[in-house]
Amino acid sequence: MASIGVDINLAKDHLEKGELVAVPTETVYGLAGNALNADAVARIFETKKRPSFDPLILHTDTIEKVRQFVVDIPEPLNILAETFWPGPLTLLLPRKKIIPDLVTSGLDTVAVRVPSHNLIRSLLSILDFPLAAPSANPFGYISPTRASHVNDQLGDQIPYILDGGDCEVGLESTIVGLEGDQVTVYRLGGLDIQSLEEVVGSVQVMAHSSSNPKSPGMLKSHYAPTKPFILGNLNDLINDYKEAGVEFAVLAYDQVFPNISSQFQIQLSPNGDSKEAAKNLFAAMRTLDSLDVSVILSELLPDHGLGRAVNDRLKRAAASN
Ligand code: TXA
Ligand code: MG
């Protein structure tokens, strides 16, 4: 198993040797390597069993450093960067050749993000290279939001996990780029659409396609538990599955079901707060996935604020059934 701690100098030593370190961010934990070292980047793909056509996000700590890696930050993406970095926003920008092809899967844009979590910021500030970091989970599974999640799945493959506690946002970053002049969201995430639109006016959300994803985080089935995950009206679902005699667990938004033992139900936000639901979502999915039941029953949130991104993840989890 990996060592777990808060020693950024130890993390730096591993990274400088081309090894991988799991790092906390405000969204989810990342599996980080030196983005300018093609061997380290290759190791990220191997460790996650990630297909090489699925490009990685570059992480650094200042906009000035971002400019070393991209040709340009075109308006209005620049306004978004100035407004929301550091934070849960990833921008697709024209890349410079210094970025290895493997990071971008050969695309001419690179995905870049300046995260806000203090521990990764301290680490980035003492590194003289950016970090390539996908979410620190096996490809297709639920993203990790605490150090133990990473250790459970990748602990025997990496030397060190920087422990930054539970992720504040709990959903991956919102990925934004340009289609012509149109600001386009390629992945719904921890920064909601309304916040973007307050700064740059109306944005388009690009619907995913499983045949030709622009961004494989947009693959219809992704972020999925191993158990069948069923979405619908929870009262109806519970009746049906009880009647059929199937063992189930319930992932609810805010309602409590008095006839179901508390061990077999989780409320994402008892007060109906979509931000709190986002923060709790992935840990709750993991907990229910580990129970001795055959199926997880769940429901959508009201489709506004972060509810929209939570619903996106719930639908993708259900799509793998
Ligand atoms: O919050 C996050 O974004 C987390 C933390 C660790 O920063 N990272 C994360 O990375 O979610 P990952 O690799 O799990 O998802 C990155 C997504 C993938 O769906 C990938 O296809 C897309 O970003 N992506 C990366 N570079 C791209 C590019 N040049 N064009 C289009 N999509 C890109
Ligand atoms: Mg991921």
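Residues numbered from 1 in each chain as written. Chains lettered and ligands numbered in written order. Predicted model: local features only at pLDDT ≥ 70, side-chain atom pairs only at ≥ 80, totals over all residues. Heavy atoms only, no water.

Peer 1: Help me understand the side chain of Q267, please; the structure alone is not making it clear to me.
Peer 2: Position of Q267 among the secondary structure elements: in strand β14 (residues 265-267). Among the polar contacts made by the side chain of Q267, one reaches the side chain of Q265 at a distance of 3.0 Å. With residues up to four places along the chain from it excluded, the contact list for Q267 reads A252, Y253, D254, Q255, V256 and F257. (Helix = DSSP H or I, 4+ residues; strand = E, 2+ residues; numbered from the N terminus. Polar contact = N/O pair within 3.5 Å; in protein donor to acceptor, adjacent residues only side chain to side chain. Contact = heavy atoms within 4.5 Å.)

Peer 1: How should I be thinking about helix α4 (residues 77-84) in this particular structure?
Peer 2: Think of an α-helix as 3.6 residues a turn; residues three or four steps apart then line up on the same face. Three or more residues of α4 are buried, namely L77, N78, L80, A81 and F84. The buried residues of α4 occupy an angular sector of 160 degrees when the element is viewed end-on, so they sit on one face. Buried residues along α4 sit against α3 (63-69), β5 (89-94), β9 (174-179), β10 (182-187) and α8 (193-200). (Buried < 20%, exposed > 50% of the residue type's maximum accessible area, 1.4 Å probe, protein only. Arc of directions from axis to C-beta.)

Peer 1: I would appreciate a short explanation of unusual backbone geometry in the present structure.
Peer 2: Generally, phi is negative for residues other than glycine and the peptide bonds are trans, each holding for most cases. Between E75 and the following residue, P76, the backbone shows a cis peptide bond with an omega angle of 0 degrees. Examined against the element boundaries, P76 turns out to sit in the loop between α3 and α4. The omega torsion of the bond from W85 to P86 falls at -5 degrees, within 30 degrees of zero and hence cis. By the element assignment, P86 lies in the loop between α4 and β5. Notably, S105 is not glycine yet its phi reads approximately 50 degrees, a positive angle.

Peer 1: Which parts of the structure should I look at to understand the pattern of salt bridges?
Peer 2: Between side chains of opposite charge, a pair can form when the charged atoms approach closely. Inspection of every chain in the model, using the stated rule, returns ten salt bridges. A salt bridge links R50 to D54; the shortest N-O distance between them is 3.2 Å. Here R50 matches D54 in class, with each residue buried. A salt bridge links R313 to E172; the nearest nitrogen and oxygen atoms lie 2.9 Å apart. Placement of the pair is R313 in helix α11 (residues 307-319) and E172 in the loop between β8 (160-162) and β9, with a sequence separation of 141 residues. (Salt bridge = Lys/Arg side-chain N within 4 Å of Asp/Glu carboxyl O.)

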